[in-house]
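# Working through the structure, step by step
One letter stands for each residue in the lines below.
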Amino acid sequence: MELVNILKGIELFHGLSDEQLARLAAISHLETYPADALIFSQGSPGDKMYVIARGEIEVRFKDHQGVAHSAIYLGAGQLFGEMALLDQGERSASVIAVQDGTEVYAISSRDFLALCQADPALGFIMMRNMALDLSFKLRHRNLDPATGL
Amino acid sequence: MIYKVSYVVIGGEYPGSIRNETERPQVGSIVQIGRVKFEVMEVQEIIPPRDDFQFLHATVRPIKPANGH
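My aim in this report is to walk through the structure given alongside it, one point at a time. (Residues numbered from 1 in each chain as written. Chains lettered and ligands numbered in written order. Predicted model: local features only at pLDDT ≥ 70, side-chain atom pairs only at ≥ 80, totals over all residues. Heavy atoms only, no water.)

### What about the side chain of Lys137 of chain A?
Spelled out, the test is: Helix numbers and strand numbers start at the N terminus; a helix is a DSSP run of H or I with at least 4 residues, a strand a run of E with at least 2. Two N or O atoms count as a polar contact when they lie within 3.5 Å, although within protein this holds only if one can serve as hydrogen donor and the other as acceptor, and sequence-adjacent residues are included solely when both atoms are side-chain atoms. Only heavy atoms enter the contact rule, under which two residues are in contact if any of them lie within 4.5 Å.
Tracing the sequence through the fold places Lys137 of chain A in helix H5 (residues 120-143). Among the polar contacts made by the side chain of Lys137 of chain A, one reaches the main-chain carbonyl oxygen of Leu79 of chain A at a distance of 2.6 Å. Of note is the side chain of Lys137 of chain A, whose polar atom sits 2.8 Å from the side chain of Asp133 of chain A. Excluding anything up to four places from it in sequence, Lys137 of chain A contacts Leu74, Leu79 and Glu82 of chain A together with Ile18 of chain B.

### Overview of the sheet that holds strand S2 (residues 16-21) of chain B
The condition that has to hold: We treat two strands as partners when DSSP finds at least two bridges between them. Helix axes are fitted only over the stretch in contact, all axes being lines through C-alpha atoms; the angle between N-to-C directions runs from 0 to 180 degrees.
Spatially, S2(A)-S7(A)-S4(A)-S5(A)-S2(B)-S1(B)-S5(B)-S4(B)-S3(B) is the arrangement adopted by the nine strands of the open sheet, whose pairing is mixed. What marks the edges here is a single partner per strand, and that holds for strand S2 (38-40) of chain A together with strand S3 (30-33) of chain B. Strand-to-strand, the axes of this sheet are offset by a mean angle of 35 degrees, without reference to chain direction. Examined bridge by bridge, strand S1 (residues 2-9) of chain B and S2 of chain B share five bridges and lie antiparallel to one another. Bridge pairing in S2 of chain B places Ser6 of chain B opposite Ile18 of chain B.

### Some words on the sheet that holds strand S3 (residues 48-54) of chain A
Residues and elements named next belong to chain A. Pairing in this open sheet of four strands is antiparallel, and the strands run S1-S8-S3-S6 from one edge to the other. Unpaired on one side and paired on the other, strand S1 (28-33) and strand S6 (79-80) mark the two borders of the sheet. The pairing of S3 with strand S8 (residues 102-108) spans six bridges and is classified as antiparallel. The residue bridging Arg54 from the neighbouring strand is Glu103, located in S8. Helix-sheet contacts for helix H4 (residues 109-118) involve S3 and S8, and the interaxial angle to S8 is about 60 degrees.

### Some details on the packing of aromatic side chains
Note the cut-off: Two rings from Phe, Tyr or Trp (for Trp, the six-membered ring) form a pair when their centres sit within 6.5 Å of each other. Planes less than 30 degrees apart are called stacked, planes more than 60 degrees apart edge-to-face, and all others tilted. Only protein chains enter the area calculation, which uses a 1.4 Å probe; residues under 20% of their type maximum are buried, those over 50% are exposed, and those in between are partly exposed.
All told, the structure shown has five aromatic pairs over all chains when counted by the stated rule. Look at Phe40 of chain A and Tyr50 of chain A: their rings are 5.8 Å apart centre to centre, the planes differ by 35 degrees, and that puts the pair in the tilted class. Taken together, the positions of Phe40 of chain A in strand S2 and Tyr50 of chain A in strand S3 put the pair ten residues apart, joining distant regions of the chain. Tyr50 of chain A gets classed as buried once you look at its relative accessible area, which sits at 4%. Residues Tyr14 of chain B and Phe38 of chain B carry aromatic rings whose centres are separated by 5.6 Å and whose planes lie at 75 degrees to one another, so their mutual orientation is edge-to-face.

### Some thoughts on the nonpolar core
Condition: Residues grouped as a nonpolar core are buried Ala, Val, Leu, Ile, Met, Phe, Trp, Tyr and Cys residues, joined through side-chain atoms within 4.5 Å.
Counting residues in each nonpolar core, the largest one holds 24 residues, and the members touching the most others are Leu12, Phe13, Leu24, Met49 and Met126 of chain A. Broken down by secondary-structure element, the contributors of at least two residues to this core are helix H1 (3-8), helix H2 (18-26), S3, S8, H4 and H5 of chain A. It is H5 of chain A that provides the largest number of residues to this core, a total of four residues. Counting 21 residues, the second largest nonpolar core, distinct from the first, contains Ile39, Ile57 and Phe136 of chain A together with Ile2 of chain B.

Structure follows, in structure tokens:
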């Protein structure tokens, strides 16, 4: 399937025109991971965000005592790695591919911000959609007893 | 319609999941989160739908003993 059509089914890109989707597709790079592969590690610098096209990933973090916890699984259509892109901090957790052949689209921070500056309407829609996604994740976290809240 | 579903596991022993589904999850249906299978106990809408997207919260429970958690 053409990448623009794949992007249309992802909430992050909802509201963008075909032309805007094509510009995003041009800066999106497909990465494929085997099961148990590390996509990025907690504490590393974050210069990309990712959208899951196929498969599933697990988000793990180490607490102050160094004990590892599994925080959440994310599947098709979900966004991860966006926090470091927004606040330019270190990765707050590690991300591991769960299923063999997990496919993600990686978008570099530099390319994404340049695109937002060149097309502010695209930037507004993307930032709004990212805020909605973070809001949904917060609602999930509030409802999930596994988070310990 | 695309269903963005927040799966939360009863008891808090296992982490939940968020993912897009092409079909609305039903009570009694089976979902796999990570390497564990779960039964859907309850499904509710948590925020209003937006165009082609519907936002759901599903409560699930494990249907067999977990391995590796």
